[in-house]
Amino acid sequence: MCQKKLIIRKVINMNEAKQMPAKENKRFVNLDLLRIVSIYTMIIVHTAAMKWYSEPVDSYNWMIMNIYDSLVRFCVPVFIMLSGWNMLDPKRTSSIGELYGKRILRLVTAYIFWAAAYVFYDKIDLIAAGQKPFESIYDFINAIIVGHFHLWFVFMLVGLYIAIPVLKPIAENPKTARYFLAVSFFAAIFMPAFRYVPIIGTFTAQINEKLRLDVFLGYSFYFVLGYYLKNLKISKLIKLIIYSGGAASVIATVYLTYLSSVLKNIKCELFYEYLLPTTMLAALSVFIFFRDTVGKIKFSQKATKIISYISGCSFGMYLIHDFINMNLVKMGLTVVSVNPVFMVPLFAFIVFIISFIAVSIIKLIPGLNKFIV
């Protein structure tokens, strides 16, 4: 009798196993691909900027770089949204000890290592000449804290990670998340957009200053938005509106940057800022496109592995890429060596490939790879 029951139970279990859906693949290949696109476009931002400051405002070269720069400004907000998608997920449980001892520690050690590397690189001529690169240890420490221009992103990520225990409960509750995003958009993106508008800018700045909505300010908007979009269903009409707004935002960024630079006869970076409604719309468009449209593409197992691996190298590529930039420039290669229409993306691609190879080599070094890339 017992044996019959055992056989029946096995049959039931087998049938249940057949009916159960296959275990969901936790890896979102479309978002891995988005991370790769974001690191490439971020490299374009920095390669286009190399001659953006030196070329005349009304020149052909400057305008091409302005177009590229305006087109890819979504990269940083998208990076933050991807981090929020992953780090604020309630399924990703971790103690505060693990948060600090693993994730934040990795960011801090990577920052210190690469900040020091860039500092010494900048002083290499003095070191080669046998001169003191720094007046004191204070100057050296201060140089590391200030960091290379692009390392601000790592500092900002540390701040967001510190806030994870507070932001995660907010993100988990859709109603609370919507409230947070609404207030954050108002305080961090909408109101500051008026700060350079005559008269209105003075009023909005005073209102923002007196409200002191500091908890809603900064890049936490993108961080929470990334997770909020994880399960949000968006109608075709709303998507069309978002995509149209994203395209219009890019065009507006190109035109307003050109107009303000020509009128002031000085390069104006105001409309390149990441905390602007135009940049936000462009980033939202790209993020939703990859989440929904690219997410429908079925990638082969081999393609998935390649995409996932390159995506896993993106943080290290971000850290190391400007070494490649600077050395290519020293070799005489710049984005205006030939027509910048072709040279800006080509230069960025060369930097992308070399950075990827360099990070892949560093990843082979046991121990070190966990702390600097």
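Structure: above.
First, a word on what this report is: a plain description of the structure on this page.

Conventions and cut-offs
- Residues numbered from 1 in each chain as written.
- Predicted model: local features only at pLDDT ≥ 70, side-chain atom pairs only at ≥ 80, totals over all residues.
- Heavy atoms only, no water.
- Buried < 20%, exposed > 50% of the residue type's maximum accessible area, 1.4 Å probe, protein only.
- Core = buried A, V, L, I, M, F, W, Y, C linked by side-chain atoms within 4.5 Å.
- Contact = heavy atoms within 4.5 Å.
- Helix = DSSP H or I, 4+ residues; strand = E, 2+ residues; numbered from the N terminus.
- Expected span 1.5 Å × (residues − 1).
- Phe/Tyr/Trp six-rings, centres within 6.5 Å; stacked < 30°, edge-to-face > 60°.
- 1 Å grid on protein atoms, 1.4 Å probe; cavity = no way out; pocket = protein on both sides within 12 Å on 5 of 7 lines; lining within 4 Å.
- Points joined across faces, edges and corners; volume = space filled by probe spheres on them.
- Nonpolar A, V, L, I, M, F, W, Y, C, P; charged D, E, K, R; others polar.
- Salt bridge = Lys/Arg side-chain N within 4 Å of Asp/Glu carboxyl O.

On to unusual backbone geometry, then. Unusually for a residue other than glycine, Asn265 sits at a positive phi of about 55°. A residue is classified by how much of its surface remains accessible, and Asn265, at 66% relative accessible area, is exposed.

Before going further, it helps to examine the nonpolar core. Core analysis: the largest hydrophobic core is formed by 109 residues, its most contacted members being Ile80, Trp114, Tyr222 and Phe223. In contact with Trp114, not counting residues within four places along its chain, are Leu151, Leu319, Ile320, Phe323, Ile362, Ile372 and Val373.

Here we come to helix 4 (residues 75-87). For helix 4, built from 13 residues, the straight-helix expectation of 18 Å at 1.5 Å per residue is met to within 8% by its first-to-last C-alpha distance of 18 Å. Within helix 4, twelve of the 13 residues are buried, leaving the element largely enclosed by the surrounding structure. Among all positions of helix 4, only Cys75, Val76, Pro77, Val78, Phe79, Ile80, Met81, Leu82, Ser83, Gly84, Trp85 and Met87 are buried. Looking at the packing, one finds that the buried side of helix 4 touches helix 2 (29-52), helix 5 (96-122), helix 8 (152-162), helix 9 (164-172), helix 12 (220-228) and helix 14 (277-293).

On to the environment of Ile164. One can find Ile164 in helix 9. Taking the C-alpha atoms as reference points, Ile164 and Lys239, 75 residues apart in sequence, are found 29 Å from one another. In this structure, Ile164 is in contact with Met87, Leu88, Leu99, Pro169 and Phe223, ignoring residues within four places of it in sequence.

What follows covers the packing of aromatic side chains. On inspection of all chains with the given rule, the structure shows 31 aromatic pairs. Seen from their ring centres, Phe190 and Phe194 are 5.1 Å apart, and the 75° between their planes marks the pair as edge-to-face. A connected cluster of aromatic rings, assembled from ring pairs, spans Phe79, Trp152, Phe153, Phe185, Phe186, Phe190, Phe194, Tyr219, Phe221, Tyr222, Tyr274 and Tyr318.

Quick look at empty space enclosed by the protein now. For the coordinates displayed, the defined rule picks out one cavity of 30 Å³ or more. Space inside the largest cavity adds up to approximately 40 Å³. Of all the secondary structure elements, the ones that give two or more residues to the lining of the largest cavity are helix 5 and helix 9. Among the residues forming the lining of the largest cavity, the class breakdown is three nonpolar, one polar and three charged.

Glancing now at the pattern of salt bridges. Tallying each qualifying case throughout the model produces five salt bridges. Across the salt bridge formed by Arg35 and Asp32, the nearest N and O atoms sit 3.3 Å from each other. One end of the pair, Arg35, and the other, Asp32, are both in helix 2, three residues apart, so they sit about a helical turn from each other. As far as burial versus exposure is concerned, Arg35 and Asp32 are alike and both buried. The partner of Lys239 in a salt bridge is Asp292, with the nearest N and O atoms 2.7 Å apart. Taken together, the positions of Lys239 in helix 13 (residues 236-264) and Asp292 in helix 14 put the pair 53 residues apart, joining distant regions of the chain. As far as burial versus exposure is concerned, Lys239 and Asp292 are alike and both buried.

Here we take up the layout of surface pockets. Empty space within the second largest pocket amounts to approximately 410 Å³. If you trace the second largest pocket, you find 21 residues lining it, with Val45, His46, Tyr53, Arg73 and Glu269 closest to the centre. Mapped by element, the contributors of at least two residues to the lining of the second largest pocket are helix 2 and helix 16 (314-330). Element by element, the count of residues in the lining of the second largest pocket is highest for helix 2, at six residues.

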